[in-house]
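Structural description and commentary
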Amino acid sequence: MKILAVIGSPKVDGNTYKTICQIEKKLYRKNEEIEFEYIQLSRTRLELCKGCYICIEKGEDKCPLKDDRENLERKMKQADAVIFASPVYTYNVSWIMKNFLDRFAYRCHRPEFHGKKAMVVVTTGAVGIGFVTKILSFMLGSMGFIICARAGITYAPPHEKDEKMLQKETDKLIRQTEKFYNKIINTNPVKPTLIKLLTFRMQQKAFSKAPQNLADYSFWNKKGWLEKSEGYYYKVHVGIINKLIVSLITRLIV
Ligand SMILES: Cc1cc2nc3c(=O)[nH]c(=O)nc-3n(C[C@H](O)[C@H](O)[C@H](O)COP(=O)(O)O)c2cc1C
């Protein structure tokens with residue numbers, strides 16, 4: 001089983017990296033066959049997004065920035081599960097993580113990672129865990145990742161060392177790592193929430209009306225997702241009530 005950790009801290013041996021090391025150890029104790037790979041975004045050649053919109057309109061292969069993006073995407077596709085980690089910097093994700101999200105913005109339109117399980121890890125000095133974890137999970141979710149576990153870990157500044165608090169944070173991390181592992185080994189297709197089902201239907205409606213030379217149209221068409229009979233990004237049972245609600249709301253909105 002391959003697990004990839006994408007670390008968005010500019011500090012290669014900072015709190016975020018150390019948290020991922022703890023997760024790796026815990027996972028390895030569960031299953032010695034896990035192959036764990038670290039990607040330090042600070043050491044990855046990922047140029048700053050220029051906002052040209054070419055990736056969204058014409059396709060990511062037309063992106064004028066030639067760097068490690070493609071390789072990064074390949075690694076995420078090949079992994080069985082991915083851990084995304086960022087420190088809280090000024091009440092937000094780090095700029096490195098934000099640039100990573102911008103560079104993969106086209107995946108919100110063309111969600112290639114559907115069904116892939118992920119864990120979100122956020123480290124902070126004191127505050128910001130709640131909304132940074134939420135926004136990071138939301139963004140990755142719209143690219144298709146299923147967020148199975150979220151760990152927000154607080155590291156008090158060194159002059160405030162508090163062993164009891166650190167133990168509490170470690171226990172939290174262990175619980176979330178266990179949850180993540182249990183979800184990864186369960187191979188049953190994850191049932192989508194109503195919001196996810198609605199998102200699929202809305203995107204399906206929008207992209208079926210898009211110009212045929214738009215990258216989004218070709219992607220959705222190639223996947224077969226523009227067929228009206230298709231109800232979700234992957235094969236999964238959807239209950240009749242959810243089907244009815246989705247069709248009713250779609251009719252009312254579109
Ligand atoms: C530029 C910068 C901004 C920060 N902003 C916040 C913040 O808004 N809230 C907070 O509680 N901690 C903040 N911190 C503390 C970090 O979130 C915390 O130390 C984190 O664990 C650092 O992870 P790292 O060692 O991987 O960089 C900030 C640290 C830096 C360097």
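The structure we're discussing is the one just above.
Now for a description of the structure that goes with this document. As the structure is a computational prediction, the values presented were derived from the model and not from experiment.

1. Some words on the sheet that holds strand E1 (residues 2-7)
Spatial ordering of the open sheet is given by E2-E1-E3-E4-E5, a layout of five strands whose pairing is parallel. A single partner strand is all that each edge strand has here, and the edge strands are strand E2 (35-40) and strand E5 (146-154). Here the average twist between neighbouring strands, direction ignored, is 15 degrees. Examined bridge by bridge, strand E4 (residues 117-124) and E5 share eight bridges and lie parallel to one another. Of the residues in E5, the one forming a bridge with Val 121 is Ala 151. Along the sheet, helix H1 (residues 15-30) makes contact with E1, E2, strand E3 (81-87), E4 and E5, crossing E2 at roughly 175 degrees. In the packing of helix H7 (residues 163-185) onto the sheet, the strands contacted are E1, E3, E4 and E5, and the crossing angle to E5 comes to about 170 degrees.

2. Let's talk about the pattern of salt bridges
Summed over the entire model, instances satisfying the criterion amount to 16 salt bridges. With a shortest N-O distance of 3.5 Å, Glu 73 and Lys 77 are connected by a salt bridge. Taken together, the residues Glu 73 and Lys 77, both in helix H3 (residues 69-78) and four residues apart, mark about one turn of the helix. Judged by relative accessible area, Lys 77 falls into the partly exposed class, the value being 38%. Residues joined in a network through salt bridges with shared partners are Glu 60, Arg 69, Glu 73, Lys 77, Arg 107, Arg 110, Glu 112, Asp 216 and Lys 223.

3. Quick word on the nonpolar core
Grouped burial of nonpolar side chains is what soluble globular proteins tend to show. Core analysis: the largest hydrophobic core is formed by 39 residues, its most contacted members being Ile 20 and Ile 83. Broken down by secondary-structure element, the contributors of at least two residues to this core are E1, H1, E3, E4, E5, H7, helix H8 (194-208) and helix H9 (215-223). Looking at this core, the element that brings in the most residues is E5, giving five residues. Two domains each donate at least three residues to this core, and these are domain 1 (2-185) and domain 2 (194-253). The next biggest cluster of nonpolar side chains, apart from the first, holds 31 residues, and it includes Ile 96, Leu 101, Met 143 and Ile 147.

4. Side note on H8
Compared with the 21 Å implied by 1.5 Å per residue over 15 residues, the 21 Å span of H8 between its first and last C-alpha is a close match. Those residues of H8 that sit buried are Leu 197, Leu 198, Phe 200, Gln 203, Gln 204 and Phe 207. Where H8 is buried, its residues contact helix H5 (106-109), H9 and helix H10 (240-253).

5. Focus: unusual backbone geometry
In this structure, Tyr 53 is a non-glycine residue whose phi angle is positive, near 75 degrees. Position of Tyr 53 relative to the elements: it lies in the loop between E2 and helix H2 (54-57). If you check the backbone angles, Thr 90 has positive phi at about 40 degrees while not being a glycine. Examined against the element boundaries, Thr 90 turns out to sit in the loop between E3 and helix H4 (95-103). For Thr 90, a relative accessible area of 75% translates into the label exposed.

Quick notes on the rules
Residues numbered from 1 in each chain as written. Predicted model: local features only at pLDDT ≥ 70, side-chain atom pairs only at ≥ 80, totals over all residues. Heavy atoms only, no water. Pairing = 2+ DSSP bridges. Helix = DSSP H or I, 4+ residues; strand = E, 2+ residues; numbered from the N terminus. Axes fitted to C-alpha atoms, helices over the stretch in contact; angles between N-to-C directions. Contact = heavy atoms within 4.5 Å. Salt bridge = Lys/Arg side-chain N within 4 Å of Asp/Glu carboxyl O. Buried < 20%, exposed > 50% of the residue type's maximum accessible area, 1.4 Å probe, protein only. Core = buried A, V, L, I, M, F, W, Y, C linked by side-chain atoms within 4.5 Å. Domains from an automatic or database assignment. Expected span 1.5 Å × (residues − 1).

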